[in-house]
Amino acid sequence: MTNNGVGTMTLQLPECRDGLCVGIMGGTFDPIHLGHLVIAEEVRIQYELDKVIFVPTGYPPHKAKRKVTDPEHRYLMTVLATINNPYFTVSRVEIDRAYELTYTIDTLRFFNNYYQGKAEIYFITGADAIMDILSWKDYGELFSLCHFIAVTRPGYNLNIEETIGKVCPQALSRIEVLEIPAMQISSTLIRQRVVAGKPIRYLTPDAVTQYIYKNGLYRHARE
Ligand code: ATP
Ligand code: MG
């Protein structure tokens, strides 16, 4: 734990050293669920990553239409969900900029500066997110800052060559596709089930379920 200078305790980032391989798992995590944890762990194992850093978004531009839950709640749920995996940690880099729109490019620039170019960075995304990448801010530069691991997700197609490759051929050498044990879970599904009074057990870790009920999250429909 370190103190970020404004009184908030934050988890430590992996130390900078030559040859370090880190995964960045970005998401709104509203709430975090087993789908997120499975993909992060699978990519970590397949790519022999030293650590995966979960980065909850501040206010994500693509979700501006929907009111996302307070960043501190999403951060704490992410910490609770990852606490028992020694290879997982959580960064506040976007949460601490939460009152402006946060862009992945800024986060990747932050980590590249932090690791002074010594670390290989693997950004983990689901099929839906990667297929949207041409709408992300400064997408051309994204591909020079990290590798993208695009994982399969039930209900979404991954035809990277036809879509992304046609517009941005240099992206193809930086995106790899990884097949993941399918998990048809989404944060939307969990929110809808809480509104409907249905159980969410086994969709997210127990500690997250308890946090949701204790804080009365998702009781009212917002979409
Ligand atoms: P929402 O329904 O609110 O959009 P979500 O479940 O899609 O939530 P996000 O926080 O938007 O979760 O997603 C973070 C990242 O995790 C994205 O790259 C997304 O594609 C990926 N992801 C989320 N759920 C799955 C899943 N079940 N399988 C594969 N990838 C997933
Ligand atoms: Mg999503």
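(A) Geometry of the packing of helix α2 (residues 71-82) against helix α8 (residues 206-214). Where α2 meets α8, the closest approach of the two axes is 8 Å, and the angle between their N-to-C directions is 155°. Here α2 is positioned roughly antiparallel relative to α8, judged by the angle of their axes. The element α2 and its partner α8 pack so that their crossing is right-handed. Counting all contacts with α2, which are made through His-73, Leu-76, Met-77, Leu-80 and Ala-81, the residues of α8 involved are Ala-207, Val-208, Tyr-211 and Ile-212. Class assignment of the residues belonging to the contact of α2 with α8 gives a composition of eight nonpolar, one polar and no charged.

(B) Just the environment of Glu-94, in detail. Positionally, Glu-94 belongs in the loop between β5 (88-90) and α3 (104-114). Those residues in contact with Glu-94 that lie beyond four places of it in its chain are Val-55, Pro-56, Thr-57, Gly-58, Thr-102, Tyr-103, Thr-104 and Thr-107.

(C) Geometry of helix α1 (residues 34-46). A rise of 1.5 Å per residue sets the reference length of α1, with its 13 residues, at 18 Å; its end C-alpha atoms lie 18 Å apart and thus fit the reference within 8%. Along α1, the positions that sit buried rather than exposed are Gly-35, His-36, Leu-37, Ile-39, Ala-40, Val-43 and Arg-44. Positioned one or two residues after α1, Glu-48 has a phi angle of 50°, which is positive.

(D) Geometry of the pairing of strand β4 (residues 51-56). Across the six residues of β4, five count as buried, placing the element largely inside the fold. One ladder, built from six bridges, connects strand β3 (residues 21-27) with β4; its direction is parallel. Bridge pairing in β4 places Gly-23 opposite Val-52. What joins β3 to β4 is α1, and the crossover it makes is right-handed. Of the pairings in the sheet, the one linking β4 to β5 comprises three bridges and is parallel in character. Its bridge partner lying in β5, Phe-54 is registered against Val-90.

(E) Geometry of unusual backbone geometry. With omega at 0°, the peptide bond leading from Asp-30 into Pro-31 counts as cis. By secondary structure assignment, the location of Pro-31 is in the loop between β3 and α1. The phi dihedral of Glu-48 falls on the positive side, at around 50°, and the residue is not glycine. Tracing the chain through its elements places Glu-48 in the loop between α1 and β4. What makes Glu-48 exposed here is its relative accessible area of 67%. Phi at Gln-116 is positive, roughly 45°, even though this residue is not glycine. For Gln-116, the location among the structural elements is in the loop between α3 and β6 (120-126).

Rules and cut-offs
Residues numbered from 1 in each chain as written. Chains lettered and ligands numbered in written order. Predicted model: local features only at pLDDT ≥ 70, side-chain atom pairs only at ≥ 80, totals over all residues. Heavy atoms only, no water. Axes fitted to C-alpha atoms, helices over the stretch in contact; angles between N-to-C directions. Helix = DSSP H or I, 4+ residues; strand = E, 2+ residues; numbered from the N terminus. Parallel < 35°, antiparallel > 145°, perpendicular 65-115°, else oblique. Left-handed = near helix turned anticlockwise from the far one by under 90°. Contact = heavy atoms within 4.5 Å. Nonpolar A, V, L, I, M, F, W, Y, C, P; charged D, E, K, R; others polar. Expected span 1.5 Å × (residues − 1). Buried < 20%, exposed > 50% of the residue type's maximum accessible area, 1.4 Å probe, protein only. Pairing = 2+ DSSP bridges. Right-handed = clockwise from strand over helix to strand, strands pointing away.

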